[in-house]
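# Observations on the model geometry
One-letter residues, chain by chain:
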Amino acid sequence: MTPIKRRVLGGTAMALALTAGMAQADTIRFWTIEEQPERLAKQEAMAKAFTEATGHEVEVIPVTESEMGTRATAAFAAGDMPDVIYHPLSYALPWAEAGILDPDAATDVIEELGGATFAPGALKMAEFDDGFASVPADGWTQMIIYRKDLFEEAGLEPPTSYANVEAALEKLHNPPEMYGFVAATKVDEAFMSQVLEHVFLANGVSPVGPDGVAELDEAATTEVLDFYKAIAKASPPGDLFWEQARTIYFSGNTAMTIWSPFILDELAGLRDSAPPTINDDPTSAELAGKTGIVTNFSGPSNPDGAAFAELNFLGITGDANTGVAEEFVKFSMDEGYLDTLAIAPEGKFPVRRGTDDDPELFVKEWGKLPVGVDRQASLTDLYGEETVDELVAGLDVAQRWGADVGQMALASKMVNSQVVNRVVRAYIDDEIDAAAAVTQLNEELGAIQ
């Protein structure tokens, strides 16, 4: 187990606590969507460390993410729920409302660990009544990756806003040697949906509100449409998705694109199946050294900006052995937290930054964890402490459509309908004007229930 500072009790108190714990040792069940063998083994090792510390046993049960909702509903109906569930954001509020999760238990854990030690954006998404539906465990934020060497040579500011991106397009777009951007334009790909949601959130635009469907503001939405058209026009022709974005950036033929952090190890030449091709050495970290990263991104109508985030939570169920379940979740987020993050560091950013005594403890130690497949290195060694801080800072302003207003289920239907993708693509292709695009978005999204 990775060493972490532990809370220190007096010798007599510790002995009494351990004796009492061992005398009342229980077994709890833990469902997890991290079911790949290597990841499962790491969770089982962490559970074993919890047993050694407390005497309580943990049965780690893998559950396929696509089956999680059905299995949880069936188990709840049968009165056969596990004690703790590691689950994605989309289930947090609906499960709390249904009674599957115990918000009081989650709130107790967060308060005991210290709410100020968690990323504010992650906590905001978990808010439920006067507490929290579930305990934020880890997550990742989508990124604008850009050629910081080219930006610096051209005297450009980092692409933290619509305006900065557009200024960079003016100076750096020189096809076919260098495209300004590689924007997602393939309508039937989830990648386009994610990128578009990021761009809409950056300008403070969402199709859902507290009461359900929200009419899009024409002025702010037109700003989104115009920006997306600008980056699409500065992209290579064709239907583009994640594969082209990565390939063209890796070859050194674009100044910017948007991707998830799962590109970070590949970018540094650590994965043979997806090597950078900017030079003749597929194991080179040259491109990583020339790359800058932006997570919090703003539009003119939302100067504070936003980050698109995927988050996972540790939920304590309504049928749990609450005391032991709370102890396990606290352990997973404290003594065992780096073991939790080490399952896949490039996609598990520390939602809990540190402890009251050391507010940046987990961020610093997470940055040192090895990433990569065929070779390994730490994110700090590859990208530096400033970039590691930028990666984690996105969680402070992490957002998703509907997540903070209890309407994520409706937002998910809208995303899955691909209405936004289709209408934006029509606008990019000059088939409709901005006013018609906004009207069509409002009409088609408004019909989704």
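Note: the structure precedes this text.
What counts and what doesn't
- Note on numbering: residues in each chain are counted from 1, in written sequence order.
- Totals for whole chains, interfaces and linings use every residue, but because this is a predicted model, local features are given only for residues with pLDDT of at least 70 and side-chain atom pairs only at 80 or more, for both listing and counting.
- Note that water and hydrogens are dropped before the side-chain values are worked out from all heavy atoms of the structure.
- Under the scheme used here, helices are H or I runs from DSSP no shorter than 4 residues and strands are E runs no shorter than 2 residues, and both carry numbers assigned from the N terminus.
- Type-normalised accessible area, obtained with a 1.4 Å probe on protein chains alone, sets the label of each residue: buried when under 20%, exposed when over 50%, and partly exposed for intermediate values.
- Here, two residues are considered to be in contact whenever any of their heavy atoms come within 4.5 Å of each other.
- Surface accessibility follows the Shrake-Rupley procedure with a 1.4 Å probe radius. Residue values consider only the protein chains on display as shielding.
- We score Asp and Glu as negative and Lys and Arg as positive, and we do not count His or the chain ends.
- Just so you know, the charge point we use is NZ for Lys, CZ for Arg, CG for Asp and CD for Glu.
- Whenever a nitrogen or oxygen atom comes within 3.5 Å of another N or O atom, the pair is scored as a polar contact, on the condition that within protein one atom can donate a hydrogen and the other can accept it, and that pairs from neighbouring residues in sequence are kept only if both atoms are in side chains.
- Note on patches: the residues involved have over 30% relative accessible area and no salt bridge, like charges join within 9 Å, and the nonpolar side chains Val, Leu, Ile, Met, Phe, Trp and Tyr join within 5 Å.
- A pairing counts as a salt bridge when a side-chain nitrogen of Lys or Arg comes within 4 Å of a carboxyl oxygen of Asp or Glu.
- If DSSP finds at least two bridges between two strands, the strands pair.
- Note on method: axes are straight lines fitted to C-alpha atoms, helices fitted across the in-contact stretch only, with angles between N-to-C directions ranging 0 to 180 degrees.
- In this text, buried Ala, Val, Leu, Ile, Met, Phe, Trp, Tyr and Cys residues form a nonpolar core when linked through side-chain atoms within 4.5 Å.
- Cavities and pockets were defined on a 1 Å grid built over protein atoms only: a cavity is a set of grid points that admits a 1.4 Å probe from which the probe cannot escape, a pocket is an open set flanked by protein on both sides within 12 Å along at least five of seven lines, and lining residues are those with an atom within 4 Å of any such point.
- Grid points are joined across faces, edges and corners, and a volume is the space filled by probe spheres set on the points.
- Here the term charged refers only to Asp, Glu, Lys and Arg, the term nonpolar to Ala, Val, Leu, Ile, Met, Phe, Trp, Tyr, Cys and Pro, and the term polar to all other amino acids, Gly among them.
- Any angle that falls under 35 degrees is termed roughly parallel, while one over 145 is termed roughly antiparallel, one within 65 to 115 roughly perpendicular, and all others oblique.
- Pairing of aromatic rings covers Phe, Tyr and Trp, the last through its six-membered ring, and needs centres within 6.5 Å; plane angles under 30 degrees mean stacked, over 60 mean edge-to-face, and all others mean tilted.
- Consider the ring centre and the ring normal. A charge sits over the ring if Lys NZ or Arg CZ is within 6 Å of that centre and within 35 degrees of that normal.

### Structural notes on the overall build of the chain
Within the chain, the secondary structure is distributed over 21 helices and 17 strands. Taken along the three principal axes of its C-alpha coordinates, the chain extends 70 × 50 × 35 Å. Per-residue burial for the chain yields a buried fraction of 56% across its 449 residues. Contacts in the chain between residues far apart in sequence, at least 24 positions, make up 76% of those at least 6 positions apart. For the chain, the exposed area adds up to about 18200 Å²; of that, 49% sits on carbon and sulfur atoms. On the chain, the mean spot of the 29 positive side-chain charges and the mean spot of the 74 negative ones are 5 Å from each other.

### Re unusual backbone geometry
With an omega of 5°, the peptide bond between P175 and P176 qualifies as cis. The backbone of D129 sits at a positive phi, close to 50°, despite the residue not being glycine. Counting through the fold element by element, D129 comes out in the loop between β4 (127-128) and β5 (131-132). Taking relative accessible area as the criterion, D129 reaches 70% and is therefore assigned exposed. Despite not being glycine, D430 has its phi angle at roughly 65°, a positive value. Position of D430 relative to the elements: it lies in the loop between α20 (419-428) and α21 (434-446).

### Description of the environment of E197
In this structure, E197 sits in helix α9 (residues 190-202). What makes E197 buried here is its relative accessible area of 4%. Apart from residues no more than four positions distant in its own chain, E197 is found in contact with F308, R400, W401 and V415.

### Let's talk about the side chain of D149
Mapped onto the elements of the fold, D149 is located in helix α7 (residues 148-153). Polar contacts involving the side chain of D149 include one to the side chain of R147, which spans 2.9 Å.

### What to know about a negative patch on the surface
A cluster of acidic side chains, namely E97, D104, D108, E111, D129 and D130, defines a negative patch on the protein surface. Broken down by element, the negative patch gets its largest block of residues, three residues, from helix α5 (residues 103-113). Its location among the elements puts D130 in the loop between β4 and β5. By relative accessible area, D130 is classed as exposed at 83%.

### A look at the sheet that holds strand β7 (residues 143-147)
Read across the open sheet, the three strands follow the order β10-β7-β11; overall the sheet is antiparallel. The open sheet terminates on both sides in strands that have one partner only, identified here as β10 (256-259) and β11 (291-294). On average, adjacent strands in this sheet sit at an angle of 25° to one another, irrespective of strand direction. Pairing of β7 with β11 involves four bridges; the strand directions are antiparallel. Note on β11: the bridge partner recorded for R147 is T291.

### Notes on the nonpolar core
Counting residues in hydrophobic clusters, the biggest one holds 147 residues, and the most contacted among them are V199, Y228, M256, L311, M333 and W366. The element contributing the most residues to this core is α9, with eight residues. Residues contacting W366, with those up to four places away along its chain left out, are L338, L341, P345, K348, F349, P350, L379, V388, L391 and V392.

### So, the pattern of salt bridges
Summed over all chains, the structure comprises 25 salt bridges. With its nearest N and O atoms 3.4 Å apart, the salt bridge here joins K364 to D358. The exposure class of K364 is partly exposed, given its relative accessible area of 43%. For D358, a relative accessible area of 14% puts it in the buried group. Each of E34, R39, D138 and K348 takes part in one network of salt bridges that share partners.

### Looking at empty space enclosed by the protein
Applying the stated criterion across every chain yields a total of two cavities of 30 Å³ or more. In this structure, the largest cavity encloses a volume near 90 Å³. Taken together, F30, T32, E34, Q43, M46, Y86, L314, F328, S332, T340, I343 and K348 form the lining of the largest cavity. Broken down by secondary-structure element, the contributors of at least two residues to the lining of the largest cavity are β1 (27-32), α2 (37-54) and α14 (322-332). When grouped by side-chain class, the residues that make up the lining of the largest cavity number six nonpolar, four polar and two charged.

### Describing the packing of α9 against α20
Where α9 meets α20, the closest approach of the two axes is 9 Å, and the angle between their N-to-C directions is 75°. One way to sum up the angle between α9 and α20 is to call them roughly perpendicular. On α20, the residues that touch M192, S193, L196 and F200 of α9 are V420, N421, V424 and R425. Residue classes in the contact of α9 with α20 are distributed as five nonpolar, two polar and one charged.

### Some words on the packing of aromatic side chains
In this description, an aromatic ring pair is defined by two values, namely the gap between the centres and the angle between the planes. By the definition in use, this model includes 15 aromatic pairs. Centre to centre, the rings of F200 and W401 are 5.6 Å apart; their planes meet at 85°, and the pair counts as edge-to-face. Of this pair, F200 sits in helix α9 while W401 sits in the loop between β17 (398-399) and α19 (408-417), placing them 201 residues apart in sequence. The class for W401 is buried, based on a relative accessible area of 4%. For the ring pair F349 and W366, a centre distance of 5.1 Å and an interplane angle of 55° mean the geometry is tilted. Of this pair, F349 sits in strand β14 (residues 349-350) while W366 is found in helix α16 (residues 361-366), placing the two residues 17 residues apart along the sequence. Grouping residues by exposure puts F349 and W366 together as buried. Each residue in the set F30, F50, F328 and F331 is aromatic and connected to the rest through ring pairs, giving one cluster. Geometry around W31 places R71 over its ring, the cationic atom sitting 5.0 Å from the centre. Geometry around Y427 places K229 over its ring, the cationic atom sitting 3.9 Å from the centre.

What is shown is where atoms sit, not what they do.
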